[in-house]
Amino acid sequence: MAETLLKIDNLKKSFGKLEVLKGLSTEIRKGEVVVMIGPSGSGKSTFLRCMNLLEQPTDGSIVFDNIDIVSADEKTRNSVRSEMGMVFQHFNLFPHLTILDNITLAPRLVRHMPKAEAEKKAHELLKRVGLDDKALAYPQQLSGGQKQRVAIVRSLAMEPKVMLFDEPTSALDPEMVGEVLDVMKDLAHNGMTMVVVTHEMRFARDVATRVLFLEGGSIIAEGTPAEIFDQPHEGRLGEFLGKVRGDDRAEASVEKVILKAAQDGKVTVAELEEILNSIRK
Amino acid sequence: MAFWDMILDLLQGLAVSVEIFVFTLLIALPLGFVIALGRMSKNPLVSGLFRIYVSIVRGTPLMLQIMFVYFAPYVLFGMSLALYPRLLATVLAFSLNYAAYFAEIYRGGILSIERGQHEAAAALGLTKGQTFFRIVLPQVVKRVIPAVGNEVITLVKDTSLAFTIAVTEMFTIAKQLSSANTTMTPLIAAGVFYYVFNYLVARTMEGAEKKLGYYD
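What you see is a predicted model; the values in this text were computed from it and never measured. (Residues numbered from 1 in each chain as written. Chains lettered and ligands numbered in written order. Predicted model: local features only at pLDDT ≥ 70, side-chain atom pairs only at ≥ 80, totals over all residues. Heavy atoms only, no water.)

## Digging into the overall build of chain A
Next up, step 1: When its secondary structure is counted, chain A shows 10 helices and 10 strands.
Next up, step 2: Relative to a compact globule of 281 residues, whose C-alpha radius of gyration would be 19 Å, chain A shows 21 Å and is just as compact.
Next up, step 3: Within chain A, contacts between residues separated by at least 24 positions form 67% of all contacts whose residues are at least 6 apart in sequence.
Next up, step 4: Looking at chain A as shown, the accessible area adds up to about 13,700 Å², and 49% of this sits on carbon and sulfur atoms.
Next up, step 5: For chain A, the separation between the mean place of its 37 positive charges and that of its 42 negative charges on side chains is 2 Å. (Helix = DSSP H or I, 4+ residues; strand = E, 2+ residues; numbered from the N terminus. Rg over C-alpha atoms; globule rule 2.2 N^0.38 Å. Contact = heavy atoms within 4.5 Å. Areas by Shrake-Rupley, 256 points an atom, 1.4 Å probe, with all protein chains shown as cover. Lys, Arg positive; Asp, Glu negative; His and termini not counted. Charge placed at Lys NZ, Arg CZ, Asp CG, Glu CD.)

## Focus on the packing of helix α1 (residues 3–39) of chain B against helix α2 (residues 44–59) of chain B
Axes are the key here: two packed helices are described by the angle between their axes and the distance separating the axes.
Residues and elements named next belong to chain B.
Next up, step 1: Contact geometry of α1 with α2 gives a least axis separation of 7 Å together with a crossing angle of 130°. The angle between the axes of α1 and α2 places the two elements in the oblique class. In contact with Ile35, Gly38 and Arg39 of α1, α2 contributes Val46, Ser47, Phe50, Arg51, Tyr53 and Val54.
Next up, step 2: When grouped by side-chain class, the residues that make up the contact of α1 with α2 number five nonpolar, two polar and two charged. (Axes fitted to C-alpha atoms, helices over the stretch in contact; angles between N-to-C directions. Parallel < 35°, antiparallel > 145°, perpendicular 65-115°, else oblique. Nonpolar A, V, L, I, M, F, W, Y, C, P; charged D, E, K, R; others polar.)

## Here we look at the side chain of Glu167 of chain A
Residue and element names in this part refer to chain A.
Next up, step 1: Looking at the element boundaries, Glu167 is found in the loop between β7 (162–166) and α6 (174–189).
Next up, step 2: Here Glu167 occupies a buried position and makes no salt bridge, while the nearest side chain of opposite charge, Lys44, is found at 4.3 Å.
Next up, step 3: Engagement of the side chain of Glu167 in a polar contact is seen with the side chain of Ser170, the distance being 2.8 Å.
Next up, step 4: When neighbours within four sequence positions are excluded, Glu167 is seen to be in contact with Lys44, Ser45, Gln89, Val197 and His199. (Buried < 20%, exposed > 50% of the residue type's maximum accessible area, 1.4 Å probe, protein only. Salt bridge = Lys/Arg side-chain N within 4 Å of Asp/Glu carboxyl O. Polar contact = N/O pair within 3.5 Å; in protein donor to acceptor, adjacent residues only side chain to side chain.)

## Observations regarding the pairing of strand β9 (residues 210–215) of chain A
Residue and element names in this part refer to chain A.
Next up, step 1: The element β9 is extensively covered by neighbouring structure, given that six of its six residues are classed as buried.
Next up, step 2: Residues Arg210, Leu212 and Leu214 point to one face of β9 and Val211, Phe213 and Glu215 to the other, with burial holding for every one of them.
Next up, step 3: By the bridge criterion, four bridges tie strand β3 (residues 33–37) to β9 in an arrangement that is parallel. Among the inter-strand pairings, Val35 is bridged to a residue of β9, identified as Val211.
Next up, step 4: Turn length for the β9-strand β10 (residues 218–223) hairpin, with the two strands adjacent in sequence and antiparallel, is two residues, and the turn residue Gly216 shows positive phi of about 55°. (Pairing = 2+ DSSP bridges.)

## Details of the interface of chain A and chain B
Next up, step 1: Listed as interface residues are 25 residues of chain A and, on the opposing side, 21 residues of chain B.
Next up, step 2: The junction of chain A with chain B conceals about 2,000 Å² of combined surface from both sides, 62% of it contributed by carbon and sulfur atoms.
Next up, step 3: Between chain A and chain B we count three salt bridges in total.
Next up, step 4: A salt bridge links Glu55 of chain A to Arg115 of chain B; the nearest nitrogen and oxygen atoms lie 3.6 Å apart.
Next up, step 5: Among the secondary structure elements, those contributing two or more residues to the side of chain A that touches chain B are α2 (74–82), β6 (84–87), α3 (99–109) and α5 (144–156) of chain A.
Next up, step 6: The leading source of residues in the side of chain A that touches chain B is α2 of chain A, at four residues.
Next up, step 7: Class assignment for the residues of the side of chain A that touches chain B results in 13 nonpolar, seven polar and five charged. (Buried area = accessible area lost by both parts, 1.4 Å probe.)

## Here we look at the environment of Lys115 of chain A
Next up, step 1: Residue placement: Lys115 of chain A occurs in helix α4 (residues 115–128).
Next up, step 2: The exposure class of Lys115 of chain A is partly exposed, given its relative accessible area of 47%.

## Thoughts on the nonpolar core
Next up, step 1: Counting 54 residues, the largest nonpolar core has Leu10, Phe21, Phe94 and Phe102 of chain B as its most contacted members.
Next up, step 2: When contributions to this core are tallied by element, the ones reaching two or more residues are α1, α2, α3 (62–77), α4 (86–112), α6 (128–158), α7 (170–181) and α8 (185–212) of chain B.
Next up, step 3: Excluding its chain neighbours within four sequence positions, the residues that come into contact with Leu10 of chain B are Met170, Ile173, Ala174, Leu177, Pro186, Ala189, Ala190 and Phe193 of chain B.
Next up, step 4: One finds Val35, Met201, Val211 and Leu241 of chain A within the second-largest nonpolar core, a separate group that totals 51 residues. (Core = buried A, V, L, I, M, F, W, Y, C linked by side-chain atoms within 4.5 Å.)

Next up, the structure:
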């Protein structure tokens, strides 16, 4: 079995009186792609944000490189964070810096890499995601999908041991989701250790090595994509998957009508009603 | 009195006004930064003190503050005013006053930077200092320029308040000339000078804004 990168034990997090994480334990091993799914408010984003200490856990331990980072000092935290990449829902690129500077800033400041070397590497990474022609542009000039690909590259430039993705496609227009997922798939195939919070069930099924289902601040179910998605489940997980599949079905029927309308040049009212009814169900 | 003599007198006054303006900015712009940081300190005692400071400065007339700064050493400690230049007192009072306003503008600018910027920087391993100087500050400067510009333009006009302690800046001279010769001309001429001064300041601020607009 591959070496353990992150060992999380009995992790708890409260915001005031609200307990968001109720003692979560798991291990992230090298090369794993762990996808966390679950309804909104289940604590999956908070869990992810605890892993690189963007949120300070209330209790429990996170061992990374043989150090319990939960109680580490500021200097250790910064160095631990530099070993973990993080991709945010809203990209969080630095608007005042060019794409190239966005990418080279941390390697130069944190790793003290010479400018020429950092830029050479940035160009290589940008080529990999097909955006080298945007190196001198500012984030404002990019589409959402392009921004997110740059954000991924910015993290990769630090050569992280693990990449954390916090709903990386949730803020994107539908037509841009694919280009970002493709980059993530490519990373996964190249052996990057990844922890991903997402609502993209197809991505979870195709790319994950392990799926965690969170609900109410606890890990309710855990398994391979086949175990989670292809077997019937009782209780919360079954309900959640049912809802997700329902959405998929509704989406499929809408797609059918639109296709038909495109072919015929018209859709009847009865047909539209039928579709709306099936969505309501 | 010849027209050009009057203009010459006013120009001498204008030089003093410009002096007040320049020295006040040189002190107040950085001092405001220190006050903003103090105001945002996590130590409640420090932030409380700066809060009171800002509150008093904003809540009392600048004219009164100028008089206070000038007369306080004498009233409180019996120091002789002979060794205390009026111009120094004026610049001090203006600096303390404008720094408070600049501080509030800076503070607003710093707080307006999205949390995501701090988080992205932290996630990359940047220290708090690096995050502040490389990520937050450059964006703050751009955001506060219009508000700072407003204050700077107000400052040009406020320099006239130095007449309170008889500093011979442009407005003081205009008033003297006006009453000595029973004519409005010096006041109108001073108004024109203030306007031209501010026109130049406004153009400079616009230029700065344009230069900082590189990323949108």
